[in-house]
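Structural characterization, general
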Amino acid sequence: QQQVKQSPQSLIVQKGGISIINCAYENTAFDYFPWYQQFPGKGPALLIAIRPDVSEKKEGRFTISFNKSAKQFSLHIMDSQPGDSATYFCAASDTGFQKLVFGTGTRLLVSP
Amino acid sequence: NAGVTQTPKFQVLKTGQSMTLQCAQDMNHNSMYWYRQDPGMGLRLIYYSASEGTTDKGEVPNGYNVSRLNKREFSLRLESAAPSQTSVYFCASGEYGDYEQYFGPGTRLTVT
């Protein structure tokens with residue numbers, strides 16, 4: 001059973017546009033929601049993360065929006081650049097041992 | 001600092017063969033993890049070690065064993081490889097209370 005559902009599976013955005021990736025979770029005990037970025041041939045790397053006590057977190061061009069009542073969170077990439085082309089994974093964790101549950105990933109392609 | 005290192009980078013096995021994937025981290029982290037990544041499935045936790053001397057099963061532990069050799073090293077063993085274990089394997093490390101996980105570059109394993 002997929003505890004974190006991610007959509008879309010793939011996304012093509014023009015340079016300068018906004019990329020939006022959505023995730024939904026079921027376990028209300030989750031208390032940490034990170035997004036990881038992965039380039040081909042590399043391991044995932046933490047991009048940005050949020051706790052459920054805030055509804056939004058922004059770091060540069062990347063913003064997480066969090067809706068606790070709907071059990072949904074999303075990643076917005078403003079002014080998308082070709083260098084943002086990568087696979088993005090949302091994840092969630094409910095324990096201090098950081099056992100992350102990952103979404104299935106979104107392959108983003110930003111066209112020049 | 002090398003971060004998280006994994007060996008080998010690539011491996012081809014025949015069905016029934018055994019092998020050990022090696023992982024080491026130089027960040028003095030207490031927690032270490034093994035994931036597998038398959039197309040359309042995201043990353044799934046195989047085993048984790050919350051601290052030196054302890055290991056626990058994750059979401060997909062069948063067919064695998066692990067050893068936390070010391071604080072730095074965490075190995076994953078396939079005793080009798082099966083084609084279903086064809087995957088990219090990632091090791092990660094993290095610190096209790098920090099939540100961020102740091103991933104290695106991965107091992108691409110093919111079982112024929």
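Just above sits the structure.
The rules behind each value
- Residues numbered from 1 in each chain as written.
- Chains lettered and ligands numbered in written order.
- Predicted model: local features only at pLDDT ≥ 70, side-chain atom pairs only at ≥ 80, totals over all residues.
- Heavy atoms only, no water.
- Helix = DSSP H or I, 4+ residues; strand = E, 2+ residues; numbered from the N terminus.
- Rg over C-alpha atoms; globule rule 2.2 N^0.38 Å.
- Areas by Shrake-Rupley, 256 points an atom, 1.4 Å probe, with all protein chains shown as cover.
- Lys, Arg positive; Asp, Glu negative; His and termini not counted.
- Charge placed at Lys NZ, Arg CZ, Asp CG, Glu CD.
- Salt bridge = Lys/Arg side-chain N within 4 Å of Asp/Glu carboxyl O.
- Buried < 20%, exposed > 50% of the residue type's maximum accessible area, 1.4 Å probe, protein only.
- Contact = heavy atoms within 4.5 Å.
- Polar contact = N/O pair within 3.5 Å; in protein donor to acceptor, adjacent residues only side chain to side chain.
- Core = buried A, V, L, I, M, F, W, Y, C linked by side-chain atoms within 4.5 Å.
- Patch = residues over 30% accessible without salt bridge, like charges linked within 9 Å, V, L, I, M, F, W, Y side chains within 5 Å.
- Pairing = 2+ DSSP bridges.
- Axes fitted to C-alpha atoms, helices over the stretch in contact; angles between N-to-C directions.

Looking now at the overall build of chain A. Helix and strand counts for chain A come out as 0 helices and 11 strands. Secondary structure of chain A in N-to-C order comes out as β-β-β-β-β-β-β-β-β-β-β. Against the compact-globule benchmark of 13 Å for 112 residues, chain A has a radius of gyration of 13 Å, which places it among compact chains. Accessible area of chain A: about 5500 Å², with a carbon and sulfur share of 50%. Here chain A contributes 11 positive and 8 negative side-chain charges, whose respective centroids are spaced 5 Å apart.

A separate point is the pattern of salt bridges. Tallied over the full model, the rule gives 5 salt bridges over all chains. Glu59(A) serves as the salt-bridge partner of Lys57(A), at 3.7 Å between the closest nitrogen and oxygen. Using a relative accessible area of 33% as the deciding quantity, one classes Lys57(A) as partly exposed. Owing to a relative accessible area of 37%, Glu59(A) belongs among the partly exposed residues under this scheme. Residue Asp84(A) pairs with Arg61(A) through a salt bridge whose shortest N-O separation is 2.8 Å. Of this pair, Asp84(A) sits in the loop between β8 (72–77) and β9 (86–92) while Arg61(A) sits in the loop between β6 (56–59) and β7 (62–67), and the two are 23 residues apart along the sequence. We classify Asp84(A) as buried; its relative accessible area is 5%. Via salt bridges that share partners, Arg36(B), Asp38(B) and Arg44(B) belong to a single interconnected network.

Residues and elements named next belong to chain B. Its place among the elements puts Thr 15 in the loop between β2 (10–13) and β3 (19–25). For the pair Thr 15 and Ser 84, spaced 69 residues apart in sequence, the C-alpha separation works out to 9.8 Å. Every residue in contact with Thr 15, bar those within four places of it in the chain, is listed here: Ala 81, Pro 83, Val 111 and Thr 112. Separated by 2.7 Å, the side chain of Thr 15 and the backbone oxygen of Thr 112 make a polar contact.

Quick look at the nonpolar core now. What tends to happen in soluble globular proteins is that the nonpolar side chains get buried as a cluster. Counting 24 residues, the largest nonpolar core has Phe33(A), Trp35(A), Phe73(A), Leu75(A) and Tyr88(A) as its most contacted members. Where this core is concerned, the elements lending two or more residues are β2 (10–14), β3 (19–25), β4 (33–38), β5 (45–50), β7, β8, β9 and β11 (106–111) of chain A. Per element, the largest residue contribution to this core is 4 residues, and it comes from β9(A). Residues within four places of Phe73(A) in sequence aside, it is in contact with Ile21(A), Asn22(A), Cys23(A), Tyr25(A), Phe33(A), Trp35(A), Ser65(A), Phe66(A), Cys90(A) and Ala91(A). In this structure, Met19(B), Met32(B), Tyr47(B) and Leu76(B) belong to the second largest nonpolar core, which totals 20 residues.

Another point: a nonpolar patch on the surface. Residues and elements named next belong to chain A. On the surface, a cluster of nonpolar side chains totalling about 240 Å² of accessible area is made up of Ile 18, Ile 20 and Met 78. By the element assignment, Ile 20 lies in strand β3. Looking at Ile 20, the relative accessible area reads 37%, which means it is partly exposed.

All names here are of chain A. Taken in spatial order, the 5 strands of this open sheet run β1-β3-β8-β7-β6, and their pairing is antiparallel. In this open sheet, the two strands that pair with only one neighbour each are β1 (4–7) and β6. Averaged over all adjacent pairs, the angle separating strand axes in this sheet is 15 degrees, with direction ignored. Of the pairings in the sheet, the one linking β3 to β8 comprises 6 bridges and is antiparallel in character. Bridged to Ala 24 within β8 is Gln 72.

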